[in-house]
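Residues per chain are reported as follows:
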Amino acid sequence: MTHSIQSLLEALQAARLKDSQLAPSVDLHCELLAAQARASLPALPKLPTMQDADQALAAGRPLSELTSLPLGASAVKELADEICVIAARHRPELSAELATIRGYLAGDGLAGESALVDELLTFVLNHARRPLLRAWAGGLAEVNINDWQRPVCPFCGSPPDLGALDAEAGKRHLLCSGCDTEWVFPRVGCPFCGDSRHQSYFPGENERYRLYVCDVCRRYLKVVDLRQTWGTVMLPVERVLTVGMDLAGREAGYT
Ligand SMILES: [Zn+2]
Ligand SMILES: [Zn+2]
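Not measured: the values here are computed from a predicted model.

Caption draft 1: Summary view of the coordination of the zinc ion (ligand 2). All of the protein donors around the zinc ion (ligand 2) are Cys190 (SG), Cys193 (SG), Cys214 (SG) and Cys217 (SG); their distances to the metal are 2.3 Å. Of note is the zinc ion (ligand 2), whose four donor atoms meet at the metal with angles of 105 to 114 degrees in an arrangement that counts as tetrahedral. Each donor residue of the zinc ion (ligand 2) belongs to the same chain, with the gaps between them written as C-x2-C-x20-C-x2-C. Of this pair, Cys193 sits in the loop between strand E3 (182-185) and strand E4 (199-203) while Cys217 sits in the loop between strand E5 (209-214) and strand E6 (220-225), and the two are 24 residues apart along the sequence.

Caption draft 2: The environment of Glu113, seen in detail. Examined against the element boundaries, Glu113 turns out to sit in the loop between helix H5 (95-105) and helix H6 (115-138). A relative accessible area of 37% means that Glu113 is categorised as partly exposed. Expressed as a C-alpha distance, the spacing of Glu113 and Ile101, which sit twelve residues apart in the sequence, is 9.9 Å.

Caption draft 3: Representation of the coordination of the zinc ion (ligand 1) in the model. Those protein atoms acting as donors to the zinc ion (ligand 1) are Cys153 (SG), Cys156 (SG), Cys176 (SG) and Cys179 (SG), and they sit at 2.3 Å. In this structure, the zinc ion (ligand 1) is coordinated by four donor atoms arranged in tetrahedral fashion, with angles at the metal of 97 to 119 degrees. When the donor residues of the zinc ion (ligand 1) are listed from N- to C-terminus, their spacing reads C-x2-C-x19-C-x2-C. Placement of the pair is Cys153 in the loop between H6 and strand E1 (160-165) and Cys176 in strand E2 (residues 172-176), with a sequence separation of 23 residues. Using a relative accessible area of 0% as the deciding quantity, one classes Cys153 as buried.

Caption draft 4: Fine view of the packing of helix H1 (residues 5-18) against helix H2 (residues 23-38). One can describe the packing of H1 onto H2 by two numbers: an axis separation of 10 Å at closest approach and a directional angle of 165 degrees. Taken as axis vectors, H1 and H2 run roughly antiparallel relative to one another. Crossing hand, H1 versus H2: left-handed. In this structure, H1 contributes Ile5, Leu8, Leu9, Leu12, Gln13 and Arg16 to the contact, and H2 contributes Ala23, Val26, Asp27, Cys30, Leu33, Gln36 and Ala37. Along the lines of polarity and charge, the residues of the contact of H1 with H2 split into nine nonpolar, two polar and two charged.

Caption draft 5: Just the packing of aromatic side chains, in detail. Summed over the entire model, instances satisfying the criterion amount to one aromatic pair. Their ring planes at 35 degrees and their centres at 5.0 Å tell us that Tyr201 and Tyr212 sit as a pair that is tilted. Taken together, the positions of Tyr201 in strand E4 and Tyr212 in strand E5 put the pair eleven residues apart, joining distant regions of the chain. Judged by relative accessible area, which is 40%, Tyr201 ranks as partly exposed. When its relative accessible area of 17% is taken as the criterion, Tyr212 is described as buried.

Caption draft 6: Layout of the side chain of Thr242. Inspection of the secondary structure puts Thr242 in the loop between helix H7 (235-241) and helix H8 (243-251). A distance of 3.2 Å separates a polar atom in the side chain of Thr242 from the backbone oxygen of Arg239. When neighbours within four sequence positions are excluded, Thr242 is seen to be in contact with Leu162, Tyr209 and Lys222.

Caption draft 7: Layout of the packing of helix H4 (residues 74-90) against H6. Two elements in contact, H4 and H6, have axes separated by 8 Å at closest approach and are oriented at 135 degrees. Taken together, the axes of H4 and H6 are oblique relative to one another. H4 and H6 meet at a crossing whose hand is right-handed. For the pair H4 and H6, contact is made by Val76, Leu79, Ala80, Ile83 and Cys84 and by Val124, His127, Ala128, Arg129, Pro131 and Leu132, respectively. Residues belonging to the contact of H4 with H6 are distributed by class as follows: nine nonpolar, one polar and one charged.

Thresholds applied
- Residues numbered from 1 in each chain as written.
- Chains lettered and ligands numbered in written order.
- Predicted model: local features only at pLDDT ≥ 70, side-chain atom pairs only at ≥ 80, totals over all residues.
- Heavy atoms only, no water.
- Donors = N, O, S within 2.8 Å, 3.2 Å for Na, K, Ca; no water.
- Tetrahedral: all angles 85-135°; square planar, octahedral: opposite > 155°, others 65-115°.
- Helix = DSSP H or I, 4+ residues; strand = E, 2+ residues; numbered from the N terminus.
- Buried < 20%, exposed > 50% of the residue type's maximum accessible area, 1.4 Å probe, protein only.
- Axes fitted to C-alpha atoms, helices over the stretch in contact; angles between N-to-C directions.
- Parallel < 35°, antiparallel > 145°, perpendicular 65-115°, else oblique.
- Left-handed = near helix turned anticlockwise from the far one by under 90°.
- Contact = heavy atoms within 4.5 Å.
- Nonpolar A, V, L, I, M, F, W, Y, C, P; charged D, E, K, R; others polar.
- Phe/Tyr/Trp six-rings, centres within 6.5 Å; stacked < 30°, edge-to-face > 60°.
- Polar contact = N/O pair within 3.5 Å; in protein donor to acceptor, adjacent residues only side chain to side chain.

Laid out in structure tokens, this is it:
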């Protein structure tokens, strides 16, 4: 299910009204969403036929592997540059690193930069590619992904950046960090390395949230327990509301 940008903006604003501590993160992400909504999209490749899509998924191949998505298109670079400007306005302490990334997008090298620049570049590219990847995934909405159950997105091949335990069966869903597609994944085991024996979790500040960590690959996954929530929950909104858990995960030594 892909939510409209308008519905995400409204849910973020409602959360901000309830908890003013969320304001810095919500304000940044509302501006990023507005920039994504305005951005022009490069031409998308032809969608696969249902038959080709079913065959690829059955063979364990995300549908992005069937074609070449225009991730380096000038429209994507322009949006990436705008995202740097927006991020620098909200986080002036990162201005120097974001200026380095703007230079890189304009064609400069990026040799010998810091881990912080790498992390910011991932953030910028992730947000700049999202409109394109959302449009790609939107065209594939009729494809059946119930049997996929793999650790990367069936449509764009990106890893997840949030999970949810659903309200009825407690099944685990993953949210794609690239295109916002949600898919079902086995409840037990690390979605990054597949290990099932060295998994643990920390409860979040409130019972809705858990931080799952894997001591094999040292990665973490934020999980929303939908059995503890009421009303409509949109996972792309939860991704923003749980930035505090990202900090906690990193401080504990996970990535
Ligand atoms: Zn995806
Ligand atoms: Zn792992």
